[in-house]
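Spelled out from the first residue to the last, the chains are:
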Amino acid sequence: MNKTILITGGAGFIGSHVVREFVLKYPEYQIINLDALTYAGNLENLKDIEHFPNYAFVKADITDKQAVLAIFQEYQPDGIIHLAAESHVDRSIVDPMAFVMTNVIGTVNLLNAARIIWEDNSEGKRFHHVSTDEVFGALGDTGFFTEETKYDPHSPYSASKASSDHFVRAYYDTYGLPIVLTNCSNNYGPNHFPEKLIPLCIHNILNNKSLPVYGDGKYTRDWLYVIDHAKAIDLVFHEGKNGDSYNVGGFNEWQNIDLIKELCKQMDEKLGRVHGSSEELITFVKDRPGHDLRYAIDATKINKELGWKPSVTFEEGLSRTIDWFLSNQEWLEHVTSGDYKKYYDNQYKDA
Ligand code: NAD
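Reading guide: rules and limits
- Residues numbered from 1 in each chain as written.
- Predicted model: local features only at pLDDT ≥ 70, side-chain atom pairs only at ≥ 80, totals over all residues.
- UniProt positions renumbered as here; feature names shortened; annotations may be inferred.
- Helix = DSSP H or I, 4+ residues; strand = E, 2+ residues; numbered from the N terminus.
- Pairing = 2+ DSSP bridges.
- Axes fitted to C-alpha atoms, helices over the stretch in contact; angles between N-to-C directions.
- Contact = placed C-beta atoms within 7 Å.

- The protein appears in an unreviewed UniProt entry as dTDP-glucose 4,6-dehydratase from Sphingobacterium siyangense.
- Heading Catalytic activity (unreviewed entry) of the UniProt record for the protein holds this comment: "dTDP-alpha-D-glucose = dTDP-4-dehydro-6-deoxy-alpha-D-glucose + H2O".

Rendered as structure tokens:
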């Protein structure tokens, strides 16, 4: 069936994989990528599909309510997949208001525009909000986040995402807007912006720079290969139940320090370096405030109801990710110059 799908944040890390998945899998759909191209947005991520006839890019800021409405009126999308966000916890500690503007106000602008254009008929329409497991707060040594876990965000980032999730549900309860939500664990993979742990360490190992590890390195996260997340979004967008949320995770918990050691081991092998040489770059740095000890996702619902599960093990996904970065060092150098570099120098001046 022909459909127009508007994907916000499609020039970012996860968004670019979602755009590619939809453009390639659904040639009958028109895919519109709406992105403001902030420091994290990079159209180079989509070079391979930008000439496809079912793909178009629109530069716009979701905090601009008039611009959002005009785009919705022009394209009349049947579906929205909303990924545009300020996404980095450390940045949210420095500038929380930027997170309120994009993640909260921007989301409400999109919800309002969807309400307006679907006012007469919302049959077959869908607003898919992409969110994070960080809205649930922190776990101790045991337990998992389920879809019923109470929200308990601790950082300005997770508070802004929690707020946006509440608005999305409120629009379902109040106006009957056809929504679904996904709350996913940490992603990794190709095109990951090198302010985040895995690409940052790959970049630093390549450049013989220290590998900054917060606190004692015992923070535990669940990691999911980004292409598996894109496939989960495709499934939930098409087959999820209106008003429902689905947790998405890799069944794959790692303490930061163990993850970095695995990464060092694989990098040494792939670069032909002496075993243990990358590990010598590990440097423990001062902890971030409000740091959550452990996140772990129970992804049973999406597995049982929609048949989704991760397609690769962590070791395999990590290997593919490293291979991608090694073959795309130009991309990495490009992204790590300019504004990103200034931010990086300031953020890790102790490392
Ligand atoms: P990202 O920072 O790589 O990309 C965000 C994109 O949004 C960029 O292309 C940026 O240009 C765009 N953007 C930012 N502000 C905008 C604005 N005001 N208007 C329009 N576009 C704007 O983020 P990501 O890691 O790809 O995350 C995408 C989504 O998935 C976010 O909503 C995030 O909360 C969620 N999420 C991320 C992870 C993760 O591990 N990265 C895990 C779970 C959920």
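After presenting the structure, the write-up continues.
1. Overview of the UniProt feature "domain: NAD(P)-binding" (unreviewed entry) in the protein
- Under the local residue numbering, the UniProt record ascribes the feature "domain: NAD(P)-binding" (unreviewed entry) to residues 6–320.
- When the span residues 6–320 is considered, its composition is 40% helix and 18% strand, and the gap between its end C-alpha atoms is 29 Å.

2. Concerning the sheet that holds strand β7 (residues 186–188)
- Reading across the sheet, the three strands line up as β7-β9-β11 and stay open at both edges, with mixed pairing between neighbours. Lying at the two open borders of the sheet, with one neighbouring strand each, are β7 and β11 (253–255). On average, each strand axis in the sheet is inclined to that of its neighbour by 50°, with strand direction left out of account.
- Across three bridges, strand β9 (residues 220–225) lies against β11 in antiparallel orientation. By the bridge assignment for β11, Asp222 is matched with Glu253.
- Packing against the sheet, helix α7 (residues 226–239) makes contact with β7 and β9, and its axis sits at approximately 75° to β9.

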